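# Descriptive structure summary
This is what each chain is made of:
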Amino acid sequence: ASLRKVIDSLQQQGTTQDRLRDELEASNNALQDEIDANRDQIAALEKRLQAFEADSAALKSDHAYAISQSKAKARELEECQEDLANAKGQLDKQRRLLLEDKQRALEALHEQFSECQQNNQALTDEIDSLRRENVSMKQNCDRKVLALEGDMAELRSFAAQFANMHSDKSQSANA
């Protein structure tokens, strides 16, 4: 019965481990999707930045126009840089969260592995105990078989003596 409990416990731990792994994978996939979206946003912002820089260079031919446009573009550039900095900050935060999730999952798996090792040792100890008990029971049975064989030999001897006595009485009675 205790062996069954240990096996059931190991199966439950395996199910828990699978569930934790699935949750971690789902969390990782969601974070990866957010990271990919932020990368796309960063790439788009970098393209916008390049376009603004190209526009700025083209506007330098007309000085007065270029000055007014460059001020407007500078404001847009600042906004883009702020957006880019914010997006990079979010990406860093998401990377940190992903690493923390992975660390927690690794620690949980390590704990489960330790529990499995302990359960495995308990099973090994129980199996060894059952083997010793089996050897002891076999030795006990062997002793009982030997004792029964001795008893059977005595009974055969007694039966032979009884048969001889009966035979001697029959011969005496016939004579």
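Below or above, wherever it landed, is the structure these notes cover.

Conventions and cut-offs
Residues numbered from 1 in each chain as written. Predicted model: local features only at pLDDT ≥ 70, side-chain atom pairs only at ≥ 80, totals over all residues. Heavy atoms only, no water. Patch = residues over 30% accessible without salt bridge, like charges linked within 9 Å, V, L, I, M, F, W, Y side chains within 5 Å. Areas by Shrake-Rupley, 256 points an atom, 1.4 Å probe, with all protein chains shown as cover. Salt bridge = Lys/Arg side-chain N within 4 Å of Asp/Glu carboxyl O. Lys, Arg positive; Asp, Glu negative; His and termini not counted. Charge placed at Lys NZ, Arg CZ, Asp CG, Glu CD. Helix = DSSP H or I, 4+ residues; strand = E, 2+ residues; numbered from the N terminus. Core = buried A, V, L, I, M, F, W, Y, C linked by side-chain atoms within 4.5 Å. Buried < 20%, exposed > 50% of the residue type's maximum accessible area, 1.4 Å probe, protein only.

### Let's talk about a negative patch on the surface
- On the surface, a cluster of negative charge is made up of E78, E79, E82 and D83.
- Among the structural elements, E82 can be located in helix α2 (residues 63–174).

### Remarks on the nonpolar core
- Of all hydrophobic cores here, the largest spans seven residues; its members are L31, I35, I42, L84, A87, L91 and L98.
- Elements represented by at least two residues in this core include exactly α1 (2–59) and α2.
- Tallying contributions element by element places α2 first for this core, with four residues.

### A closer look at the pattern of salt bridges
- Applying the stated criterion across every chain, the model contains seven salt bridges.
- Close ionic contact of R19 with E23 constitutes a salt bridge, the shortest N to O distance being 3.0 Å. Note that R19 and E23 are positioned in helix α1 at a spacing of four residues, about one turn of the helix.
- For R19, a relative accessible area of 42% corresponds to the partly exposed category.
- For E23, a relative accessible area of 44% corresponds to the partly exposed category.
- Residue D142 pairs with K138 through a salt bridge whose shortest N-O separation is 3.2 Å. In this pair, D142 and K138 are both assigned in helix α2, four residues apart and thus about one turn of the helix distant.
- Note on D142: relative accessible area 37%, which makes it partly exposed.
- You can call K138 exposed: its relative accessible area is 52%.

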